[in-house]
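So the chains spell out like this:
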Amino acid sequence: MSISDDGKLRHECLNERWFLNMIDAQEKIAVWREAYSQERSHSSLQNLSPCEFVEECCWNLQDQRLNTEMAHPLGQDQRTSRLHERKN
């Protein structure tokens, strides 16, 4: 975690919760850290959460594959074998 993350941990987690013991504190901090890391938007990810960013990337890859398949209706193996047939 960075220095700014430490401040957010203190402000948003430690100051907002009561901890019964060390194990309770570790569990609650782990839950907060997971939410902070995975569900919160990040400016480095175009203001998406990591989960949203991965989903967006998957959709983009799927769109690229569909566009490639539409541009080349034959599969890659079939196109390659047809090229070899023409050369021979």
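Residues numbered from 1 in each chain as written. Predicted model: local features only at pLDDT ≥ 70, side-chain atom pairs only at ≥ 80, totals over all residues. Heavy atoms only, no water.

### Concerning the overall build of the chain
- Counting its regular elements, the chain contains 4 helices and 0 strands.
- Each helix (α) and strand (β) of the chain, taken in turn from the N terminus, gives the series α-α-α-α.
- Looking at the chain residue by residue over its 88 residues, the buried ones come to 12%.
- Intrachain contacts of the chain at a sequence separation of at least 6 include 20% that bridge at least 24 residues. (Helix = DSSP H or I, 4+ residues; strand = E, 2+ residues; numbered from the N terminus. Buried < 20%, exposed > 50% of the residue type's maximum accessible area, 1.4 Å probe, protein only. Contact = heavy atoms within 4.5 Å.)

### Focus: the nonpolar core
- Formed by Leu9, Cys13, Ile29, Trp32 and Tyr36, the largest nonpolar core amounts to 5 residues.
- Of all the secondary structure elements, the ones that give two or more residues to this core are helix 1 (3-14) and helix 2 (22-38).
- The contacts of Cys13, once residues within four sequence positions are left out, are Lys8, Phe19, Lys28, Ile29 and Trp32. (Core = buried A, V, L, I, M, F, W, Y, C linked by side-chain atoms within 4.5 Å.)

### Some words on the packing of aromatic side chains
- Summed over the entire model, instances satisfying the criterion amount to 1 aromatic pair.
- Judged by centre distance (4.9 Å) and plane angle (15°), the ring pair of Trp32 and Tyr36 falls under stacked. Of this pair, Trp32 and Tyr36 are both found in helix 2, 4 residues apart, which corresponds to roughly one turn of the helix. Comparing Trp32 with Tyr36, the two get one shared label, buried. (Phe/Tyr/Trp six-rings, centres within 6.5 Å; stacked < 30°, edge-to-face > 60°.)

### What about the state of the cysteines?
- In the structure shown here, the tally under the stated rule is 0 disulfides.
- Sulfur of Cys57: no disulfide; nearest cysteine sulfur belongs to Cys58 and is 7.0 Å away.
- For Cys57, a relative accessible area of 32% translates into the label partly exposed.
- When its relative accessible area of 46% is taken as the criterion, Cys58 is described as partly exposed. (Disulfide = S-S within 2.5 Å.)

### Section: the pattern of salt bridges
- Across all of its chains, the model carries 1 salt bridge by this definition.
- Residue Lys28 pairs with Asp24 through a salt bridge whose shortest N-O separation is 3.2 Å. Placement of both Lys28 and Asp24 in helix 2 is noted, with a separation of 4 residues, approximately one turn of the helix.
- With a relative accessible area of 31%, Lys28 lands in the partly exposed category. (Salt bridge = Lys/Arg side-chain N within 4 Å of Asp/Glu carboxyl O.)

### Brief notes about the confidence of the model for the chain
- Mean pLDDT over the chain stands at 75; residues scoring 70 or higher make up 69%.
- Mean pLDDT across the elements of the chain bottoms out in helix 4 (residues 76-87) (53) and peaks in helix 2 (89). (pLDDT = per-residue confidence, 0-100.)

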